[in-house]
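Descriptive structure summary
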Amino acid sequence: MAKDEFTEFKLVGTRPDRPDGLDKVTGRARYGADMSMPGMLWAAVVRSPHAHARILRIDTSKAEALEGVKAVVTRADFPEGLTGEEWNLQENTIAGDKALYDGHAVAAVAATSALLAQDAARLIEVDYEVLPHVIDVDDAIKPDAPAIRPGAADATVPEGMPANVVRYIDFGHGDVDAGFAEADLVMERSYKTEATHQGYIEPHACVGQLGADGKGEMWVCTQGQWYIRKMCADVLGLETAQLRVTPSEIGGGFGGKTTIFMEPLSLALSRKAGGRPVKLVMTRSEVLRATGPTASASMDVKIGMTKDGTITAARAEFRMQGGAFPGAPVDMALYCAFAPYKLKNVHHIGYDVLANRPKCAAYRAPGSPMGAFAVESLVDEMSRELGLDPLDVRLTNGVREGDRASYGPTFGSIGLIETLEATKAHPNLLVPLGPNQGRGIAAGYWFNHSGETSVSMAISEDGSAQVSVGTPDIGGSRASIALMVAETLGIPYEDVRVNVVETGSLGVNEPTHGSRATFASGKAAVVATGQAIKEMCRRAAAEWGIDEDAVEWVNGAAQPAGPNAGKFPPLTIREIAGKMGETGGPISGHHEGLPEGVGASFGCHVVDVEVDPETGHTTILRYLVVQDAGRAIHPSYVEGQYQGGAVQGIGWALNEEYIYGEDGRLQNAIFLDYRVPVASDLPMIDTVIVEVPNPGHPFGVRGVGETGITPPLPAIANAIQDATGLRMTHLPMTPPKVLAALKAAGRG
Amino acid sequence: MSKIHVTTTVNGDQVEFLADPRESLLDCLRDRLGLTGSKEGCGTGDCGACSVRLDGTLVCSCLVLGVEAEGKTVETIEGMANGNELHPLQRKFVEHAALQCGFCTPGILVAAKALLEQNDNPTETEIRYWLAGNLCRCTGYDKIVRAVMDAAAELRGEAA
Ligand code: FES
Ligand code: FES
């Protein structure tokens, strides 16, 4: 039952210290690369220097002859006959006939030290026949582009499409032509965004162990230990349950650690090395070259608007490449693109296109930032053209509960209008702007997600509580789950310990992705806690000799429900727990399933920039994030998600991009050249947490992790137009690009 | 390649290890001495996750060779608290939620401590430029900067 009627909680909404805080400020917390095991070997990977090449020969003999080398693996050590996404994962883990991108793994070696493994990797000889490659999505979709994987297209792709189109999407409703005919202003523009990387500071790392009996273990930094388990088992042909995967503390993921990249290599090496554990840690350049960046996009958008700002029709055609494998999030980009708008007539078309780049992975609200960049840029430009306030245009067209979403379903309780109104009321909008300064706003959307969830909780002998969850804690979810369980039990926050457990401890859990941990694990934890409370009420009832329905749970104790139930002093959780051995044994709760009632989250950002006319450099002067959290369980970590998402978006908008040379090699594979925002690039990030409770969650949680990366891309482009009059349509808006645009306009 | 014997002082303790001359100080701290609090985010001096003090100077330990520590003193995150008594920066980082994943945190704490030792009243801008070599991908730096300012105020004896 939703607890919307509660206006006050004791713990939910407070800001206690996080339970893993002490470990993380003292250097004790153990991340992926911090684990060592007895008898452990170290691994290194040989990677293709070519964007597209046939592998003619791999000679491992020199490496194998080196003293201290214990195992070398190539694709020949992996099972054959996989299909679909399992084949994709295996192919991406280690190349078969062809290397499909610069950085594609070709062989791996395990030795008694890290340096020795690196020396051995250099001794592995690979002969390649270099093939023509294609990098850019608009080039890759041309009919004469090199065909990367003939036959990879799925059934959605109509006959006669270019070879690299592997999925085609077409949906919408209404009559867009009629809608455009009703408009006073119709505008159409094309936009491009470049691939960016999640940029988590912790490189991928694992220690894998696999015996000849097919039983194995893995320690790994991941957002989802069960995904790692299944994917490794699929790629290696193992029994899934024989692999036990323990998640380390995780140094950031943002979607990029929801899948495998090199983990099966450590297991394959271990099996070949007699079952000795093998540690495999990526370098930063391996992370950038060979782990999933996001897709790049080329997008056409057309919108019709009446003079008062009402959108009469909208059309989007998006082309996205997600590397040499199907899976660019073009579907999600289209679903989210027009989500803030109530549209009678809308048409979406999408192409998922192969290119010679690493297999893309999820990145915070996958697809949504690109779609928002295109749509929110055009809505802004049209608002300016018609002399309308861009916030008012969003309020005019904004979706409300009961409206049909642009992508089909009917919205339940949502907080877009409240978010826009809170934005409008914020003092940042009143700050006067100086010369070369501009203000931009944009809205953004993410569905949020639930997914497979399994949670157990148990009461300890002293009345404290433990909770076992399967969703790794990336940004404070142990704190928020502990708050919800403590609130439900009526005990102090400090009396609850939340453990992120290994795959042997619970049923399958999806990763911490889709902004789901606090929603789904939190909801399941509250349901499980309710079972323990019911059991404690039952035991109190037995002690008092009354009906168990006549007992209620208040403030951490069982008490008779009303005067008719009898007069007994409350039995505290501590008293009931202290006697559990004599009253029926352990007291626990467990809940699993696909928690229903996901609540979508809208956000609106306002950014003030200053553009230097001499250099084209854009400085962020002020930044405001307003977003509907449903309910902020631990507001500091909600703000943290808003701020972190906004800054990743700022990086995407202004600096970050994958840069390839003519040879198809990634040219900026270190942090010096792939430049993420640093502290001196930024002001404070102001936040407003809007709370329109989600009726589908016991405390109203929606999920807050992803929406925040969506509005910055267009908001900054809109601010740059406000400052300079120039409309930038190709990210990132680096100083050289802005300067060139200023010069072209006769003003630089 | 033969290894070199290194004697050095880490967090006040004299330690010895055998280092391959190609190994970084970071590798030696982590793999030879088991001090895994310092992190490798890049190995190229660009992220600051490996920040330590070498004879008091703030360095990226991924850019220092292990053998260079011979006869020097090294301070790492593991030496920042005095037993169970946290340094004010450590406390303020937890209080201000200045960490999400926490992977950047050891390096940022070590770097911030070096700042406060030479400037007990840094401005927001000074903090932002001092920490510009320490990447954090999670927080957007807002709460980190606030935590450093608050710790500085406490160290100056001002009530928060
Ligand atoms: S690991 Fe040393 S600076 Fe990044
Ligand atoms: S808290 Fe994750 S990198 Fe800083």
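Bear in mind that the values here come from a model prediction, so they are computed numbers and not experimental data.

**Side note on the overall build of chain A**
- Across its full length, chain A holds 20 helices and 26 strands.
- For chain A, whose C-alpha radius of gyration is 27 Å, the value lies close to the compact-globule estimate of 27 Å for 748 residues.
- Its C-alpha atoms give chain A principal-axis dimensions of roughly 85 × 75 × 50 Å.
- Across the 748 residues that make up chain A, the buried fraction comes to 65%.
- Considering only contacts within chain A whose residues lie at least 6 apart along the sequence, 80% involve residues at least 24 apart.
- Between the averaged position of the 65 positive side-chain charges in chain A and that of its 92 negative side-chain charges there is a distance of 2 Å.

**Section: the overall build of chain B**
- The secondary structure content of chain B amounts to 5 helices and 5 strands.
- What you see in chain B, going N to C, is helices and strands ordered as β-β-α-β-β-β-α-α-α-α.
- Here chain B has a C-alpha radius of gyration of 16 Å; the compact-globule value for 160 residues is 15 Å, and the two agree.
- Looking at chain B as a whole, 56% of its 160 residues qualify as buried.

**Description of the interface of chain B and chain A**
- Every contact between the two is made by 47 residues of chain B and, on the other side, 53 residues of chain A.
- For the pair chain B and chain A, the summed buried area comes to about 4100 Å², and 59% of that belongs to carbon and sulfur atoms.
- If you look at where chain B meets chain A, you find 5 salt bridges.
- At the surface where chain B touches chain A, the tally comes to 25 residue pairs in polar contact (both at pLDDT 80 or more).
- Contributing elements (two or more residues each) for the side of chain B that touches chain A: helix 1 (25-32), helix 2 (88-95), helix 3 (105-118), helix 4 (124-130) and helix 5 (142-155) of chain B.
- Looking at which element gives the most residues to the side of chain B that touches chain A, the answer is helix 5 of chain B, with 5 residues.
- Tallied by class, residues from the side of chain B that touches chain A come to 21 nonpolar, 10 polar and 16 charged.

**Here we look at the domain arrangement of chain B**
All names here are of chain B.
- For chain B, the assigned domains read domain 1 (4-79) and domain 2 (88-155).
- The gap between the C-alpha centroids of domain 1 and domain 2 is 21 Å.
- Counting residues at the interface gives 15 residues for domain 1, matched by 14 residues for domain 2.
- Summing the contributions of domain 1 and of domain 2, the shared interface buries around 1100 Å²; its carbon and sulfur component is 63%.
- Of all residues in domain 1, Arg53, Leu58 and Ile77 bury the most surface against domain 2, accounting for 43% of the area lost on that side.
- At the surface where domain 1 touches domain 2, the tally comes to 2 salt bridges.
- For Glu75, the salt bridge goes to Lys113, with nearest N and O atoms at 3.8 Å.
- In this structure, the connection of domain 1 to domain 2 is made through 5 residue pairs in polar contact (both at pLDDT 80 or more).
- Looking at which element gives the most residues to the side of domain 1 that touches domain 2, the answer is strand 3 (residues 51-54), with 3 residues.

**Here we look at the sheet that holds strand 5 (residues 105-111) of chain A**
Residue and element names in this part refer to chain A.
- Taken in spatial order, the 7 strands line up as 3-5-1-12-9-10-11 in an open sheet, and their pairing is mixed. A single partner strand is all that each edge strand has here, and the edge strands are strand 3 (69-73) and strand 11 (243-247). The sheet shows a mean angle of 20° between the axes of neighbouring strands, taken without regard to direction.
- Strand direction decides the pairing type here: strand 9 (residues 205-210) and strand 10 (residues 216-220), joined by 5 bridges, are antiparallel. The partner of Gly208 across the bridge, within strand 10, is Met218.
- Each of strand 1 (41-47), strand 3 and strand 5 is contacted by helix 4 (residues 114-123), which is oriented at about 30° to strand 1, the strand it contacts most.

**Quick notes on the nonpolar core**
- Counting residues in hydrophobic clusters, the biggest one holds 186 residues, and the most contacted among them are Ile303(A), Phe338(A), Met733(A) and Phe93(B).
- Ranked by residue count, the leading element in this core is helix 18 (residues 635-654) of chain A, at 8 residues.
- Setting aside anything within four residues of it in sequence, one finds Ile303(A) in contact with Phe180(A), Leu185(A), Val186(A), Met187(A), Ile311(A), Ala313(A), Ala314(A), Phe338(A), Val375(A), Leu378(A), Val379(A) and Met382(A).
- By size, the runner-up hydrophobic cluster in this structure holds 49 residues, among which are Phe9(A), Leu11(A), Tyr493(A) and Ala525(A).

**Focus on the domain arrangement of chain A**
All names here are of chain A.
- Here chain A is described as being made up of domain 1 (412-448 + 599-748) and domain 2 (450-593).
- For domain 1 versus domain 2, the separation of C-alpha centres amounts to 39 Å.
- Domain 1 puts 17 residues into the contact, and the matching count from domain 2 is 15 residues.
- A combined buried area of about 1200 Å² lies between domain 1 and domain 2, and 69% of that area is made up of carbon and sulfur atoms.
- Three residues, Ile633, His697 and Phe699, lead the burial of domain 1 against domain 2; their summed loss comes to 37% of the area buried on that side.
- Between the two partners, domain 1 and domain 2, sit 0 salt bridges.
- Taken together, the connections running from domain 1 to domain 2 amount to 4 residue pairs in polar contact (both at pLDDT 80 or more).
- Looking at the side of domain 1 that touches domain 2, its residues break down into 7 nonpolar, 8 polar and 2 charged.

**Details of the pattern of salt bridges**
Residues and elements named next belong to chain A.
- Under the counting rule described, the total for this entry stands at 66 salt bridges over all chains.
- Here Asp23 ties to Arg28 by a salt bridge, and the two come within 3.3 Å at their closest N and O atoms.
- What makes Asp23 partly exposed here is its relative accessible area of 33%.
- As a salt-bridge pair, Glu317 and Arg315 come within 3.7 Å of each other at their nearest N and O atoms.
- Here Glu317 falls in the buried class, since its relative accessible area comes to 16%.
- Through salt bridges with shared partners, a single network forms among Asp136, Asp138, Lys192, Asp300, Arg315, Glu317 and Arg319.

**Observations concerning the packing of aromatic side chains**
Residue and element names in this part refer to chain A.
- In this structure the tally under the stated criterion is 19 aromatic pairs over all chains.
- Ring centres 5.3 Å apart and planes at 75° place the aromatic pair Phe9 and Phe699 in the edge-to-face group. Within this pair, whereas Phe9 is found in the segment before helix 1 (21-25), its partner Phe699 is found in the loop between strand 26 (685-690) and helix 19 (712-724), the two being separated by 690 residues in sequence. One exposure class covers both Phe9 and Phe699, and it is buried.
- Aromatic side chains Phe411 and Tyr445 sit 5.9 Å apart centroid to centroid with 80° between the ring planes, which places their arrangement in the edge-to-face category. Highlighted residues: Phe411 in the loop between helix 12 (390-397) and helix 13 (416-424) and Tyr445 in strand 16 (residues 437-446), separated in sequence by 34 residues.
- On the basis of relative accessibility, which here comes to 7%, the residue Phe411 falls in the buried class.
- Residue Tyr445 is classed as buried on the basis of its relative accessible area, which comes to 2%.
- Every member of this aromatic cluster is reached through a ring pair, and the members are Phe171, Tyr335, Tyr407, Phe411, Tyr445, Trp446, Phe447 and Phe602.
- Across from the ring centre of Phe180, 4.4 Å away, lies the NZ or CZ of Lys302, which sits over that ring.

**Topic: the sheet that holds strand 2 (residues 53-59) of chain A**
All names here are of chain A.
- Pairing is antiparallel in the open sheet, where 3 strands are placed in the order 4-2-6. Taken across any chain shown, the strands that pair with only one partner, and hence form the sheet edges, are strand 4 (98-99) and strand 6 (125-130).
- With 6 bridges connecting them, strand 2 and strand 6 associate as antiparallel partners. Looking at the pairing, Arg54 lines up with Glu129 of strand 6.

**Things to note about the packing of helix 3 (residues 84-93) of chain A against helix 7 (residues 225-236) of chain A**
Residues and elements named next belong to chain A.
- Contact geometry of helix 3 with helix 7 gives a least axis separation of 9 Å together with a crossing angle of 80°. Relative to helix 7, helix 3 is oriented roughly perpendicular. Every residue of helix 7 that contacts helix 3 at Glu86, Leu89, Gln90 and Thr93 is listed here: Lys230, Met231, Asp234 and Val235.
- Here the contact of helix 3 with helix 7 is built from residues that sort into 3 nonpolar, 2 polar and 3 charged.

**A look at the environment of Asn88(A)**
Residues and elements named next belong to chain A.
- As for its position among the elements, Asn88 is in helix 3.
- In this structure the C-alpha to C-alpha distance between Asn88 and Val235, which are 147 residues apart in sequence, comes to 9.3 Å.
- Those residues in contact with Asn88 that sit more than four places away from it in its chain are Arg149, Phe325, Pro326 and Lys359.

Basis of the calculations
- Residues numbered from 1 in each chain as written.
- Chains lettered and ligands numbered in written order.
- Predicted model: local features only at pLDDT ≥ 70, side-chain atom pairs only at ≥ 80, totals over all residues.
- Heavy atoms only, no water.
- Helix = DSSP H or I, 4+ residues; strand = E, 2+ residues; numbered from the N terminus.
- Rg over C-alpha atoms; globule rule 2.2 N^0.38 Å.
- Buried < 20%, exposed > 50% of the residue type's maximum accessible area, 1.4 Å probe, protein only.
- Contact = heavy atoms within 4.5 Å.
- Lys, Arg positive; Asp, Glu negative; His and termini not counted.
- Charge placed at Lys NZ, Arg CZ, Asp CG, Glu CD.
- Buried area = accessible area lost by both parts, 1.4 Å probe.
- Salt bridge = Lys/Arg side-chain N within 4 Å of Asp/Glu carboxyl O.
- Polar contact = N/O pair within 3.5 Å; in protein donor to acceptor, adjacent residues only side chain to side chain.
- Nonpolar A, V, L, I, M, F, W, Y, C, P; charged D, E, K, R; others polar.
- Domains from an automatic or database assignment.
- Pairing = 2+ DSSP bridges.
- Axes fitted to C-alpha atoms, helices over the stretch in contact; angles between N-to-C directions.
- Core = buried A, V, L, I, M, F, W, Y, C linked by side-chain atoms within 4.5 Å.
- Phe/Tyr/Trp six-rings, centres within 6.5 Å; stacked < 30°, edge-to-face > 60°.
- Lys NZ or Arg CZ within 6 Å of the ring centre and 35° of its normal.
- Parallel < 35°, antiparallel > 145°, perpendicular 65-115°, else oblique.

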